[in-house]
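What follows is each chain in one-letter form.
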Amino acid sequence: MFRRITNKPLRYSVITLYFIILFFCALELNFLWLFGYSPTIKDIKTPVLNIVSEVYTSDGKLIGKYYKENRTPVEYDSISPAVVDALVATEDVRFYKHAGVDFRSFISSIISTAKGDRRGASTITQQLAKNLYSTRNRKSQGAVKYIPVIRTVVYKFKEWTTAYKLESNYTKNEILTMYLNTVPFSSNTFGIKTASKRYFNKDADKLQVEEAAMLVGMLKATTTYNPIRNPEKSLERRNTVLSQMEKYEYLTTAEFKKYSQRPLKLNPGSLDEGSEGGSYLRSAVSRYLEKWCQEHGYNLDTDGLKIYTTIDSRMQQYAQEAVNSQMKILQRRLENVWGNENPWRTADGKEILDFPEKAAQRLPYYDALKKKYNSNQDSINYYLTKPKKMKVFNWTGEKEVVYSTIDSIKYYAKILNTGMMTMDPVNGHIKVWIGGIDHNYFNYDHVNQAKRQAGSTFKPFAYLAALEAGMNPCDKLVDKPVRIPYENGGKTEYWEPKNSDWNFSGREMSLRWAMGKSVNSITAQITEQVGAENVVKYAHLSGIESDLKAVPSVSLGPNDVSVFEMVRAYGTFLNKGVRSEPILVEKITDNEGRVIEEFKSEQKRTLSKEIAWLMIYMLRGGMEEQGGTSQALWEWDLFKKNNQIGGKTGTSSDYVDGWYMGVTKDLVTGVWVGCDERSVHFKSSETGEGSRTALPIFAKFMEKVYRDPSLGITLGPFPKPGVKISRVYQCPTPRYEVDTFAVDSAFMDSLYIPDINSDTATITSPEPIIPTPQREQENKPGQQPVNRPSAAPKTESVTEEIKTRKELREERRENKVKPNN
């Protein structure tokens, strides 16, 4: 074919051109998978950047980011001209004169390299091609990657062709902008906007000449010229860039001298602005949107979404302050309770001697240790007990210690944790989300990942089932010993619940009084009458989704539930019987601000308005009824302007879990406190009751909320029914004189729950606790009394006279019965 061309120079030129064209065609088509992937025209026209997704509160505060590469794009007009001048002067002085590949510079670099002065010849456009399309990563490699010299030639040709494509589709300013948005600046910092924030805490258009020169200088070697790690080298490189700007007349000699004499003057800024304490939130939002992202084809780490949550930053801050304040107190209390004793105990109070070793076996890397040491226990134990430097969580800040793995297990087992959530049940908006005390050390979220025994906070569902069965708040039952039969493994067993003070008053008590005072015996009788299955049914209808076992003690909270579920369920009462699905995200926009999705709470009526209002009225009993378990709230400034609060304390067996569920006319809040390791807990009601652990967090939080008028959360009573109440509910509780033998029930709410399983059921009778006098609480100055109960009721006999202290001691010695706290 080529022989027809008689002129030899022309023939050889045509042959050369032919094979060049053939080579580039093979390169573009990845012929025989030799050359790897090359960007198409479509890729060029729609370049994909890994852009940071940002998370905001409902009031517009940035609380976190998701990213693989921490990059936020910026427009050309938002970049300081000094940055562009420094970049062109240093990286590609002929940028405005070539079409993507500078052959003059390329030939010059070959000659310089041959003389021993090696320098690059890549243009800004070529570097953009490499950064934007990863022309040298595995996806872009073919079989030639195994041929050293050839693969370098292929890579270079790919960059050339991609650079030409870019130049034919974008203006020079657009190319500069894309380049500055893609380049890395060390420490997972990508793009000029993020770098400006990282090193100077300012926007990219506010950069001074010397600051722009420093950032451009980093591009040659981001680690070597990192101004934080290597300030001297960074300063030297910055001045080199300034000299290039002077050489190519972007600066005068006087300007060069002025700028080069200035120090670096770094002002590092946070790249996760406003995200302190927000890590639980960021993780929760990520889990919340996981399914949505899969269904809609979005990636939180790369797609530059702007996510607007329902969280109120002010309320979140107040909740965080309340948690920090109370948890420090509780941690000191737990340490004082146990002193030098190890707190990991069995139900009967015996130390679990092999606790650290068993806990070590649950570590993620324990199997790897067994494999490494061929299951040699001595070698494994040597590794686990070998001291090493580490940083551990501490309320006063990170603490550096020399601990072994076993020491670390012991240390963290004693740390108390918490979970807290606040919701507006009308629209389902979650306003507060506190997943724990420190996300860096405790990743597990105690709002919706952790589930714990609900204790007496579960009792309202028994009273709900009673109302649904036709009973009313004024119906009365006697506080007396009960013996409830149940089937267990084909045998009839009996459950005999005890009250928190181990005594039975023998009084008739209204349902409202019994729930407010948290009387176990009456709750058990109600459960027996309505059926445990119905208690489970109405708990599910209200919003509990966890699997619940319909055992006789179900109303006393032996089942594990989450704070999230409990808040949702209590919210159904406040929302007039309509169950609102809590939502954490209100809307999502793309990087340009266009709305992609808006979220609304799914709502479904599950209770009548009358029943829902009566349940709120019942919950108010914790404050208004004699001996109500919420009355510790009087310590805080919460009761001006006839304010009303409903709530329920809860404490699981052995004081392992402390709960408080608080309801105001606007909000529902749930708080849980306890150790992640269930064998570690307080010893007594005075230290471990929900009213003494979780309730103060709610109180401190609400006190701050009420004091901030900008939130629009005001003091005041609950709304009136809005519907006709057909049930009898107004039945004042009789007031009784204080008896010196009466237990202080204002802060009592512990449980006694039998261990029920498919094979056996063990019921241990607790030792009676000698009663102590109750102190009547006084109003704080400036507070108005709101249906305030008087002192505890006088204890009356059931079938015999009240036992004296001497008789109690004698009975204890006789029966040798130990209390089950």
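Residues numbered from 1 in each chain as written. Predicted model: local features only at pLDDT ≥ 70, side-chain atom pairs only at ≥ 80, totals over all residues. Heavy atoms only, no water.

(A) Inspection of the overall build of the protein chain at higher detail. Across its full length, the protein chain holds 27 helices and 24 strands. For the protein chain, the residues scored as buried account for 53% of the 821 residues in total. Contacts in the protein chain between residues far apart in sequence, at least 24 positions, make up 73% of those at least 6 positions apart. Roughly 38,600 Å² of accessible area belongs to the protein chain as shown, and the carbon and sulfur atoms make up 49% of that amount. (Helix = DSSP H or I, 4+ residues; strand = E, 2+ residues; numbered from the N terminus. Buried < 20%, exposed > 50% of the residue type's maximum accessible area, 1.4 Å probe, protein only. Contact = heavy atoms within 4.5 Å. Areas by Shrake-Rupley, 256 points an atom, 1.4 Å probe, with all protein chains shown as cover.)

(B) The pattern of salt bridges, seen in detail. In total, this model carries 29 salt bridges according to the counting rule given. For R568, the salt bridge goes to E581, with nearest N and O atoms at 2.8 Å. Residue R568 is located in helix α22 (residues 563-574), and its partner E581 is located in the loop between β16 (578-580) and β17 (585-589); the two are separated by 13 residues in the primary sequence. Its salt-bridge partner being R579, residue E581 comes within 4.0 Å of it at the nearest N-O pair. E581 gets classed as partly exposed once you look at its relative accessible area, which sits at 25%. Look at R579 and you get buried, because its relative accessible area is 17%. Here the residues in one salt-bridge network are R512, R620, E624 and E625, joined through shared partners. (Salt bridge = Lys/Arg side-chain N within 4 Å of Asp/Glu carboxyl O.)

(C) Just the packing of aromatic side chains, in detail. Tallied over the full model, the rule gives 24 aromatic pairs. Summarising the aromatic geometry, the rings of F461 and Y570 are spaced 6.2 Å apart at their centres and angled 85° between planes, so their arrangement reads as edge-to-face. Taken together, the residues F461 in helix α18 (residues 459-468) and Y570 in helix α22 connect sequence positions 109 residues apart. The exposure class assigned to F461 is buried, which follows from its relative accessible area of 0%. Accessibility expressed as a relative area gives 0% for Y570, which makes it buried. In this structure an aromatic cluster arises from ring pairing among F393, W395, Y403, Y411, Y412, Y441 and F442. Sitting over the face of the ring of F95, K172 holds its NZ or CZ atom 4.4 Å from the ring centroid. Over the ring of Y617 we find R512; its NZ or CZ atom is 3.9 Å from the centre of that ring. (Phe/Tyr/Trp six-rings, centres within 6.5 Å; stacked < 30°, edge-to-face > 60°. Lys NZ or Arg CZ within 6 Å of the ring centre and 35° of its normal.)

(D) Quick look at the pairing of strand β6 (residues 388-392). With five bridges connecting them, β6 and strand β7 (residues 399-403) associate as antiparallel partners. Paired with V392 across the two strands is K399, which belongs to β7. Here β6 hands over to β7 after six residues, with G397 in that stretch at a positive phi of 130°. (Pairing = 2+ DSSP bridges.)

(E) Inspection of the side chain of S562 at higher detail. Mapped onto the secondary structure, S562 falls in the loop between β15 (560-561) and α22. S562 sits in the buried class, given a relative accessible area of 2%. Leave out the neighbours within four places in its chain, and S562 touches V447, N448, A450, K451 and W659.

(F) Up close: the sheet that holds strand β1 (residues 53-56). Within the open sheet, the five strands sit side by side as β2-β1-β5-β17-β18. Their pairing is mixed. Looking at which strands have only one partner, the edges of the open sheet turn out to be β2 (62-66) and β18 (595-598). This sheet shows a mean twist of 20° between the axes of neighbouring strands, independent of strand direction. Relative to strand β5 (residues 306-309), β1 runs parallel, the two sharing three bridges. What sits directly across from Y56, in β5, is Y308. Helix-sheet contacts for helix α12 (residues 279-296) involve β1, β2, β5, β17 and β18, and the interaxial angle to β2 is about 50°. (Axes fitted to C-alpha atoms, helices over the stretch in contact; angles between N-to-C directions.)

(G) Looking closely at unusual backbone geometry. Of note in the backbone geometry, N201 takes a positive phi value of approximately 55° without being a glycine. Along the polypeptide, N201 turns up in the loop between α8 (192-200) and α9 (209-218). The exposure class of N201 is partly exposed, given its relative accessible area of 35%. Positioned with a positive phi, W502 is a non-glycine residue whose angle comes to about 65°. The class for W502 is buried, based on a relative accessible area of 10%.

(H) Quick look at the sheet that holds strand β9 (residues 429-434). Judged by pairing direction, the sheet is antiparallel, and its five strands sit side by side in the order β9-β8-β22-β21-β20 without closing on themselves. Across the chains shown, the open sheet's two edge strands, defined by having one partner strand only, are β9 and β20 (646-651). Neighbour-to-neighbour, the strand axes of this sheet turn through a mean angle of 10°, independent of strand direction. Two elements, strand β21 (residues 657-663) and strand β22 (residues 668-675), share seven bridges in a ladder whose sense is antiparallel.

(I) Structural view of α12. Taking 1.5 Å per residue, 18 residues should reach 26 Å; α12 reaches 25 Å between its end C-alpha atoms and fits that length. The sharpest bend along α12 comes to roughly 45°, located at L289. Looking only at α12, the buried set comprises S279, Y280, L281, R282, A284, V285, L289, W292 and C293. G297 occupies a position one or two residues after α12 and carries a positive phi of about 75°. (Expected span 1.5 Å × (residues − 1). Bend = angle between axes of the 7 residues up to and from the residue.)

(J) Here's a closer look at the pairing of β21. Counting buried positions over the seven residues of β21 gives seven, a clear majority of the element. Alternating residues of β21 divide into D657, W659, M661 and V663 and G658, Y660 and G662, and every residue in both groups is buried. Here six bridges tie β20 to β21, and the two strands are oriented antiparallel to one another. In the sheet register, T651 faces β21, and the bridge partner there is G658. A loop of five residues connects β20 with β21, the two strands running antiparallel in sequence, and D654 in this loop sits at a positive phi of about 65°.

(K) Summary view of the confidence of the model for the protein chain. Summing up the model confidence of the protein chain, the mean pLDDT is 83 and the portion of residues at 70 or higher is 78%. Contacts for the low-pLDDT stretch residues 135-139, under 50 throughout, to residues beyond four places or in other chains number 14 contacts. Every residue in residues 274-278 scores below 50 in pLDDT, and together they form eight contacts with partners more than four places removed in sequence or on other chains. (pLDDT = per-residue confidence, 0-100.)

(L) A look at the state of the cysteines. All told, the structure shown has one disulfide when counted by the stated rule. At a sulfur-sulfur separation of 2.1 Å, the disulfide partner of C474 is C731. Its torsion about the S-S bond being -100°, the disulfide of C474 and C731 is classed as left-handed. Remark: C731 occurs in the loop between α26 (695-706) and β23 (755-756) and C474 occurs in the loop between α18 and β11 (476-478); sequence separation between them is 257 residues. (Disulfide = S-S within 2.5 Å.)

(M) Highlighting the side chain of D708. Mapped onto the fold, D708 is located in the loop between α26 and β23. Non-local contacts of D708, meaning those with residues more than four positions away in its chain, are made with R314 and Y318.

(N) Focus on the packing of helix α13 (residues 313-338) against α26. Look at α13 against α26: their axes get within 8 Å of each other, and the N-to-C directions meet at 145°. Pair α13 / α26 crosses with right-handed handedness. Contacts from M315, Y318, A319, E321, A322, V323, S325, Q326, M327 and I329 in α13 reach P696, I697, K700, F701, K704 and V705 in α26. Its residues placed into classes, the contact of α13 with α26 shows 11 nonpolar, two polar and three charged. (Left-handed = near helix turned anticlockwise from the far one by under 90°. Nonpolar A, V, L, I, M, F, W, Y, C, P; charged D, E, K, R; others polar.)

(O) Expanded view of the environment of T669. Relative to the assigned elements, T669 resides in strand β22. T669 sits 103 residues away from M566 along the chain, and the two C-alpha atoms are 9.0 Å apart. In this structure T669 touches M420, M421, T422, V567, Y660, M661, G662, F698 and F701, once residues within four positions along its chain are discounted. In this structure the side chain of T669 is engaged in a polar contact, spanning 2.9 Å, whose partner is the side chain of T422. (Polar contact = N/O pair within 3.5 Å; in protein donor to acceptor, adjacent residues only side chain to side chain.)

(P) The nonpolar core, seen in detail. Membership of the largest hydrophobic core comes to 138 residues, with the highest contact counts inside it found for L289, I307, W433, F461, L633 and F701. Setting aside chain neighbours within four positions, we find F701 in contact with M315, Y318, A319, A322, M420, T422, V432 and T669. (Core = buried A, V, L, I, M, F, W, Y, C linked by side-chain atoms within 4.5 Å.)

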